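Here is how the chains run, residue by residue.
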Amino acid sequence: MDNKDKIIIKQRVNSNIDYNEQIHIPNFIQDHGLLLVLQEPDFDIIQVGSNTEKWLNIPPENLLEQNIECLLDSEQIDNIRQNLAGNFVYINPLKLSIKCGNEVRLFNGIIHRNNGVVILELEPCENESATDFSQFYQLTFPIINKIQKSANLYELCEIVVKEIRKITGFDRVMIYKFHADDSGEVIAEDKQEDQEAFLGLYYPAYDVPQVARAVFSVKFVRTIPNINSQIVELVPQFNPLTNEPLDLTFSVLRGVSRCHVKYLDNMGVMGSMSVSLVKEGKLWGLIACHHESTKYIPYHKRVVCEFLGQIMSIHIPMREQNDNLDNKVALKSVQAEVIKIISESEDLLNVIKNIGNKLLTIVGATGSVIFLEGEYHKVGKTPNDAEITELLNWVKNQMKTDIYSTDSLPIIYPPAQEFKDISGGLLVLEIAKLQEVYVLWFRPEVSQTVNWAGNPEYPIEIESDGKMTLCPRTSFEQWQEIVKFHSLPWQPYEIEGAQDFKTAIVGIVMRRISELAKINLELEQSNSELDSFTYIASHDLKEPLRGIHNYSTFLMEDYGEILNQDGREKLETLVRLTQRMEDLINALLYFSRLGRQELHKSPINLNELIENVSEVVKVSKPDISFEIRKMDNLPVIYGDKILLEQVFSNLINNAVKYNKKDDKIVEIGYEETEEAASIIYVKDNGIGIREKHQETIFKIFKRLHGQNKFGGGTGVGLTIVKKIIERHGGKIWLESKYGEGTTFYIKLWKQE
Ligand code: ADP
């Protein structure tokens, strides 16, 4: 099978493998130096590397249980002792001259304390020139200068690989960056021209096992001058104080694991060095240096490399931020527009209406859904309603904070495989948990091609005893993997965009709430003013009015004979006017109470209701002939019976009243809607209403005719009708043709 055609889902190879070879306690060291374990306070030698004879001409057993005085003079010992309280890093390396038989050999002494013992490692430094601070400064200062001037991560890495290669002379220097899934990517490389490039290649996560990462996080430089060097065991094998393997985490000579030696060998590397890059306390990557032949880097150069690694580590966060700066700037300007739209909008629905595709741009999505008051408001490409409902229910349980994001939705939520073209990635924002307001953003699946350095699938080797061990890859040939079910990752600044969106939206929701509170307060005030007005109207106005009415009536009865015709007519007008005024005041009182009156809702059979109302209208108009035609099967609606009787009584009365035809006909019927509502109509063949008046007739005291025409009226009827319908959450509107007739439509709900 051709690997290039192979499509797999990115996943861990086998979670049952032991990746935990204890690399910090290998029980042996490398051969390019020697190691002495000293017991405090006297510095007795309690454990040594077995290669002492090679470097000191002294067999290990002759050193054990001796005091360090047998190797170092008292000045050197004093120097060590004085620094025991502090950190040995600052005295390393100690320039030590040790008498080996007839000759004196020079060593770099590297000393540290770990787990209750002092470990002194000696590396020969015959050919090495002494380095002082000014040299260190001259070497590092220009590089630091360049690092500081680097504009982005790419430039920073380029500088570092070039400079480290210049200082050390390795064939190849690379920077590996670890991804979230622990795989490493070569993001910078400086190498010999004839070498194959590794730049852009991915290394499987197990190439640098977790235990190795843990050591790299605390010990920043690691050198392996020669992978084929002799394995130097420790004598005795275990630390005699603990009877356990000696912890070599911080040792410069720590022995190399069998797997790693094989790994480097398979790669054609003999000498190597790595420098840790740590961002915010976590291992971010490595500066990896390879050499095809053996390569020893003297201590002072290792210090320079470690120092540069640390300087680079400091700059990583800032340089990463600079990356995609253009994108970010563009994004910020859209985000600013969106925030402006939000700040100018009155409510969320308004925002949704005005925001359009910008909702997608702020996070770089291709589809989005705002879930508000049980409805989905969609922009761009989104799954269907049923899919969104299921997804939303699932994601609500995943959300630990108000934001959730994944770039591999179809893997963690398999139903999304059905709509992976729409959503390989998902970003969800919880705007208000209680009110259930959510924003979902979708990104399509992108099949990414990853160039692996070697096949990432097969690191396992079954040994003869049937044990499974993790073994290095033998092939480093480029191997392509197509990663399915992934979207492009959500960048931190995109997630920030979503969060800013929430902050702005929450602002508008809060503003709306405080505005509503203010309006409510004002309404309450005007309601109470209206209340006191109705009180005045009912008591203070109605009483004198009744007095005027009564006295006018008495005048008519007692003195009507004395008055002439003109006087009597004036008195009659006075009686009529007071009567009318009382009607108006009563209507006003009724209307003002209607807004606050509690509704007593129940299911109402409209057939019965209309029949009763028609009966009453007929009885009240014995002199007028008219016909009421009602559809047989009017629906059952949900409302306040007494108030709805009033609605239909008003409409039917008007339909008869504003009709000059001899055969006056009123038709009552209904239409169903898609929602749980019915539209009931009352149609007449009356005088009709001109278009310009069709709105105004609902205003209070608005009449289109003189007092004496069409039997008079207060102009309150339709105002009350509209108010009652609105209090039921319904709607009223009309169609009319002047001279032909009018149809009033009322939308009413069938359930709460
Ligand atoms: P009124 O008590 O005067 O009837 P309404 O509020 O019921 O007051 O009606 C307001 C005005 O609307 C009426 O004065 C009338 O001119 C007009 N109107 C109401 N219903 C109809 C109708 N079915 N046909 C024509 N005009 C109507």
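Reading the values: rules and limits
- Residues numbered from 1 in each chain as written.
- Predicted model: local features only at pLDDT ≥ 70, side-chain atom pairs only at ≥ 80, totals over all residues.
- Heavy atoms only, no water.
- Near = heavy atom within 4 Å.
- Polar contact = N/O pair within 3.5 Å; in protein donor to acceptor, adjacent residues only side chain to side chain.
- Areas by Shrake-Rupley, 256 points an atom, 1.4 Å probe, with all protein chains shown as cover.
- Helix = DSSP H or I, 4+ residues; strand = E, 2+ residues; numbered from the N terminus.
- Contact = heavy atoms within 4.5 Å.
- Pairing = 2+ DSSP bridges.
- Axes fitted to C-alpha atoms, helices over the stretch in contact; angles between N-to-C directions.
- Parallel < 35°, antiparallel > 145°, perpendicular 65-115°, else oblique.
- Left-handed = near helix turned anticlockwise from the far one by under 90°.
- Nonpolar A, V, L, I, M, F, W, Y, C, P; charged D, E, K, R; others polar.
- Buried < 20%, exposed > 50% of the residue type's maximum accessible area, 1.4 Å probe, protein only.
- Core = buried A, V, L, I, M, F, W, Y, C linked by side-chain atoms within 4.5 Å.
- Patch = residues over 30% accessible without salt bridge, like charges linked within 9 Å, V, L, I, M, F, W, Y side chains within 5 Å.
- Salt bridge = Lys/Arg side-chain N within 4 Å of Asp/Glu carboxyl O.

Student: So what about the site of the ligand? Which residues, and what values?
Tutor: Taken together, the neighbourhood of the ligand is formed by 21 residues, with Asn 654, Tyr 658, Asp 684, Arg 703 and Leu 718 sitting nearest. Contacts to the ligand include Asn 654, whose side-chain N or O atom sits 2.8 Å from an oxygen atom. Interatomic distance of 3.4 Å between a backbone N/O atom of Gly 717 and an oxygen atom of the ligand. Relative to its free-state accessible area of 530 Å², the ligand is covered by the protein chains to the extent of 98%. Where the shell around the ligand is concerned, the elements lending two or more residues are helix H17 (641–657), helix H18 (717–727) and strand S30 (741–749).

Student: I'd like a description of the side chain of Thr 743, backed by residues and values.
Tutor: By the secondary structure assignment, Thr 743 is in strand S30. Not counting residues up to four positions away in its chain, the partners in contact with Thr 743 are Tyr 681, Val 682, Lys 683, Trp 733, Leu 734 and Glu 735.

Student: So what about the sheet that holds strand S15 (residues 367–372)? Which residues, and what values?
Tutor: Taken together, the five strands give an open sheet; going across it, the order is S16-S15-S19-S18-S17, and neighbouring strands pair in antiparallel fashion. In this open sheet, the two edge strands, each paired with only one partner strand, are strand S16 (375–380) and strand S17 (403–406). Taken pair by pair, the neighbouring strands of this sheet meet at an average axis angle of 10°, ignoring direction. Strand contacts of helix H10 (residues 348–355): S15, S16 and strand S19 (437–443), with the helix running at about 165° to S15, the strand carrying the most contacts.

Student: Report on the packing of helix H16 (residues 606–620) against H17, specifying residues and quantitative values.
Tutor: Taken N-terminus to C-terminus, the directions of H16 and H17 make an angle of 50°; their axes are 9 Å apart at the nearest point. With respect to H17, the axis of H16 lies oblique. Crossing of H16 over H17 shows right-handed handedness. Mapping the contact onto sequence places Leu 606, Leu 609, Ile 610, Val 613, Ser 614 and Val 617 in H16 and Lys 641, Leu 644, Glu 645, Phe 648, Ser 649, Ile 652 and Asn 653 in H17. Classifying every residue of the contact of H16 with H17 by side-chain character gives eight nonpolar, three polar and two charged.

Student: Just give me the short version of H18, but keep the residues and values in it.
Tutor: All buried positions along H18 are accounted for by Gly 717, Leu 718, Thr 719, Ile 720, Val 721, Ile 724 and Ile 725. Those residues of H18 that are buried are in contact with helix H15 (565–594), H17, strand S29 (731–737) and S30. Once H18 ends, the next one or two residues include Gly 729, with phi positive near 75°.

Student: Now, about the nonpolar core: what can you tell me, with residues and values included?
Tutor: Membership of the largest hydrophobic core comes to 40 residues, with the highest contact counts inside it found for Leu 644, Val 647, Phe 648 and Phe 744. Discounting residues that sit within four places of it in the chain, Phe 648 has contacts with Leu 606, Leu 609, Ile 610, Val 613, Ile 680, Val 682 and Ile 746. Core analysis: the next-biggest nonpolar cluster, separate from the first, contains 30 residues, Met 273, Trp 284, Cys 289 and Ile 316 among them.

Student: Got a sec to walk through a nonpolar patch on the surface? Specific residues and values, please.
Tutor: Taken together, the side chains of Leu 555, Tyr 559 and Ile 562 define a hydrophobic patch exposed on the protein surface, amounting to about 320 Å² of accessible area. Following the sequence through the fold, Ile 562 ends up in the loop between helix H14 (492–559) and H15.

Student: Hey, could you go over the sheet that holds strand S12 (residues 232–235) for me, with residue numbers and the actual values?
Tutor: Taking strand neighbours across the sheet as the criterion, the seven strands line up as S2-S12-S4-S3-S7-S6-S5 in an open arrangement whose pairing is antiparallel. Lying at the two open borders of the sheet, with one neighbouring strand each, are strand S2 (28–29) and strand S5 (94–100). Pairing of strand S3 (residues 34–39) with strand S4 (residues 44–49), which is carried by four bridges, proceeds in the antiparallel orientation. Directly across from Gln 39, in S4, lies its bridge partner Asp 44.

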